[in-house]
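# Inside the fold
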Amino acid sequence: MSSRELVIDRVSLVFHGRGDPVIALDSASLALPGGGFGAIIGPSGCGKSTLLRLVADILRPDAGSIRLGGQTQRQARQEHAIGFVFQQPTLLPWRSVLQNVELPLAIVGRRSGRGGALSPAELIELVGLKGFENALPGELSGGMQQRAAIARALVLRPDILLLDEPFGALDEITRQRMNLELLRIWAESGTTALLVTHSIAEAVFMADRVFVMSPRPGRVAQTVEVALPRPRTLEMMRSPELFASANEVRDGLFGRTGHPSAVNAESW
Amino acid sequence: MRRLWVTTLPTLMLLVVLEGLKRAGALPVFIPGPGQVLAAAWARPQLLWDNLLPTAGTATEGFVIAAVVTLAAAGIGTAVRRVWGAVYGLGVVLHAIPVIATAPLLALWLGTGAGMHVVIVALAAQFPLLVGAMQGLAAADARQIEMLHCLSASRWQMFRYLQLPSALPFLFAGFKVATPLAVLGAVTAEWAGADRGIGAVMLNALFSYDIVTVWLAVLTCCAFAGLAYAAWSLIERSALRWNRTVELPT
Ligand SMILES: Nc1ncnc2c1ncn2[C@@H]1O[C@H](COP(=O)(O)OP(=O)(O)OP(=O)(O)O)[C@@H](O)[C@H]1O
Ligand SMILES: [Mg+2]
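Residues numbered from 1 in each chain as written. Chains lettered and ligands numbered in written order. Predicted model: local features only at pLDDT ≥ 70, side-chain atom pairs only at ≥ 80, totals over all residues. Heavy atoms only, no water.

### Looking at the pairing of strand 3 (residues 37–41) of chain A
What counts here: The buried label applies to any residue whose accessible area, calculated with a 1.4 Å probe on protein chains only, is under 20% of its type's maximum; exposed applies above 50%, and partly exposed to all values in between. Put simply, DSSP marks the helices as runs of H or I at least four residues long and the strands as runs of E at least two long, and each gets a number from the N terminus on.
Among the five residues of strand 3 of chain A, five are classified as buried, and the element is accordingly described as predominantly covered. Of the two faces of strand 3 of chain A, the one holding Phe-37, Ala-39 and Ile-41 of chain A and the one holding Gly-38 and Ile-40 of chain A are both buried throughout.

This is how it looks when you write it as structure tokens:
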């Protein structure tokens, strides 16, 4: 089994920084079946990155629970089951592209990923960085750095892949190509994927399930099921099904919906 | 090569100006011309070698010990945040001790042997090394820490893959500041008691009003510290190539 069901159940988190405490998440819930593709969309500052960092066990929730294939987030992290593409590329500037992609392997002490995983060189080719293996991150554009970070997140063939606006720095054409590549990798690997995006069209095109978040306090206000078949093709961008789902997401974002309350995880 | 010229030209020009002034009779008798000093060095090369080597040896030994101890202290200060301030405080206090006054006291405790010399060098050089190590180990990017945490990196891996490389620019800054201090510390230690070394030569020459030899010793110290500094710059340039990918318009 190389995918895990993701269940986030009424998770809350308050930041106690300088000044007043910030309620970043208040009883946020979502559920994504194993091997599913979910998208999170919501206004800036509503807690999308925070939610992903909770799933990756970078932050601890104040309340609520998270389960990845029945395990806690800590167990999943310690089994190297989580791949994370951060909002910024976070490559190590003193390592070449190849060395950055190999870093997770060095940390788990293996020469290659688990069975069926692509090699670092293959992943670099996949994200379109062939020829830049020996370049340093400082010599790459922002979009190229982010693609290297995607290759790094895939090298251990994670059961669950968290993507925090991975294509924000890319132009429309590269972005579209990367989206299709990502869908192909996801379908082949059977990993569970959760993508944060600011684009309604991208969310609906990529995901089976779109989670619309509302701000202050951050929570999952609505879940939209996307009825498009797989594999997704660019022609579907113009299909009525996609249009209907996109409108549903838009209504969720701008509050013209009859049921704005958070979706309970148990209802799945 | 051009860089070498740019770095050494001001020093060379200063020496030429001094020589000119001396020949014109504009310098007092207690400042010899660089030519005289050079001639003295030429006449007695053995004196130079026999005394530079022990001083260089003590300076290097004390420097290495100080570097290892301060790096370990900074590691503890970074790992246990509660003692961070205490480590810094100890470094400041040790640095504030006037070595010139404590050297004779240390000579009483430890004798005038190599041990005392090394301790004084380490005391003289420790603070910039400590600051470099402390700031360097704390310089790791918070997002990179999260990235490695997400990979379940061990403490050691976090140190090896992130904290140590991020610390390098700071460590090199510390090395460069501490290098002349270590040489100075070695000379001071030799003043407190030694029969060989640049410091001993300096002291003997001072007592016998041998002005040229005093200056020979002084310039030897400068040359040695300058060479050591140049060596650090070269190592830094090759170790930190990643750190200079930004190209500013010139
Ligand atoms: N380390 C922190 N300390 C204090 N407050 C924080 C911290 N991180 C995030 N916050 C706050 O939590 C809230 C949610 O932040 P988060 O980064 O999750 O937003 P986001 O939905 O990812 O926004 P964006 O779309 O702009 O990336 C924000 O109000 C932010 O100010
Ligand atoms: Mg964010």
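### Let's talk about the site of ligand 1
All names here are of chain A. What counts here: The cutoff for a nearby residue is simple: one of its non-hydrogen atoms must lie within 4 Å of the molecule or strand. Polar contacts here mean pairs of N or O atoms no more than 3.5 Å apart (in protein, one a potential hydrogen donor and the other a potential acceptor; neighbouring residues in sequence count only if both atoms are side-chain atoms). Gly is placed with the polar residues, together with every amino acid not listed as nonpolar (Ala, Val, Leu, Ile, Met, Phe, Trp, Tyr, Cys and Pro) or charged (Asp, Glu, Lys and Arg).
Taken together, 13 residues surround ligand 1, and among them Ser-44, Gly-45, Lys-48, Ser-49 and Thr-50 come closest. Separating an oxygen atom of ligand 1 from a side-chain N or O atom of Gln-87 is a distance of 2.9 Å. Those elements giving two or more residues to the shell around ligand 1 turn out to be strand 2 (22–32) and helix 1 (48–55). Of the residues contributing to the shell around ligand 1, the split by class is four nonpolar, seven polar and two charged.

### Let's talk about the pattern of salt bridges
Heads up, the rule is: The working definition used for a salt bridge is a side-chain nitrogen of Lys or Arg within 4 Å of a carboxyl oxygen of Asp or Glu.
One pass over the full model with this rule turns up 17 salt bridges over all chains. Of the charged contacts in the structure, one is a salt bridge between Glu-79 of chain A and Arg-4 of chain A, with a shortest N-O distance of 3.0 Å. With Glu-79 of chain A in the loop between helix 2 (73–78) and strand 5 (82–85) and Arg-4 of chain A in the segment before strand 1 (6–15), this residue pair connects regions lying 75 residues apart in the sequence. Among the residues examined, Glu-79 of chain A registers a relative accessible area of 45% and is labelled partly exposed. With its nearest N and O atoms 3.0 Å apart, the salt bridge here joins Glu-19 of chain B to Arg-23 of chain B. You can see Glu-19 of chain B and its partner Arg-23 of chain B sitting in helix 1 (residues 2–23), four residues apart, about one turn around the helix. Salt bridges here are not isolated pairs; linked through shared partners, they connect Asp-57, Arg-60, Arg-74 and Arg-77 of chain A.

### Some points on the packing of helix 3 (residues 45–79) of chain B against helix 9 (residues 198–207) of chain B
All names here are of chain B. As a reminder, the rule being used: A fitted line through C-alpha atoms represents every axis, and for helices the fit uses only the stretch in contact; the resulting angles, taken between N-to-C directions, go from 0 to 180 degrees. Convention used here: angles under 35 degrees read as roughly parallel, angles over 145 as roughly antiparallel, angles from 65 to 115 as roughly perpendicular, and any remaining angle as oblique. Working rule for contacts: check all heavy atoms of both residues, and any pair within 4.5 Å makes them a contact.
The N-to-C vectors of helix 3 and helix 9 enclose an angle of 125°; their axes lie 7 Å apart at closest approach. Relative to helix 9, helix 3 is oriented oblique. Contact residues: helix 3 offers Leu-47, Asn-51, Leu-52 and Thr-55, while helix 9 offers Ile-198, Gly-199 and Val-201. Class assignment for the residues of the contact of helix 3 with helix 9 results in four nonpolar, three polar and no charged.

### Here's the deal with the interface of chain A and chain B
A common measure of how large an interface is: the accessible area buried when the components associate. Selection rule: When two parts are put together, the accessible area they lose, computed with a 1.4 Å probe and summed over both, is reported as buried area.
Each partner contributes to the interface: chain A provides 26 residues, whereas chain B provides 17 residues. When the area that chain A buries against chain B is broken down by residue, the three leading residues are Arg-77, Trp-94 and Ile-107 of chain A, summing to 33%. Where chain A touches chain B, the interface holds seven residue pairs in polar contact (both at pLDDT 80 or more). Only helix 2, strand 5 and helix 3 (97–108) of chain A provide two or more residues apiece to the side of chain A that touches chain B. Looking at the side of chain A that touches chain B, the element that brings in the most residues is helix 3 of chain A, giving four residues. For the side of chain A that touches chain B, the per-class residue count stands at 15 nonpolar, five polar and six charged.

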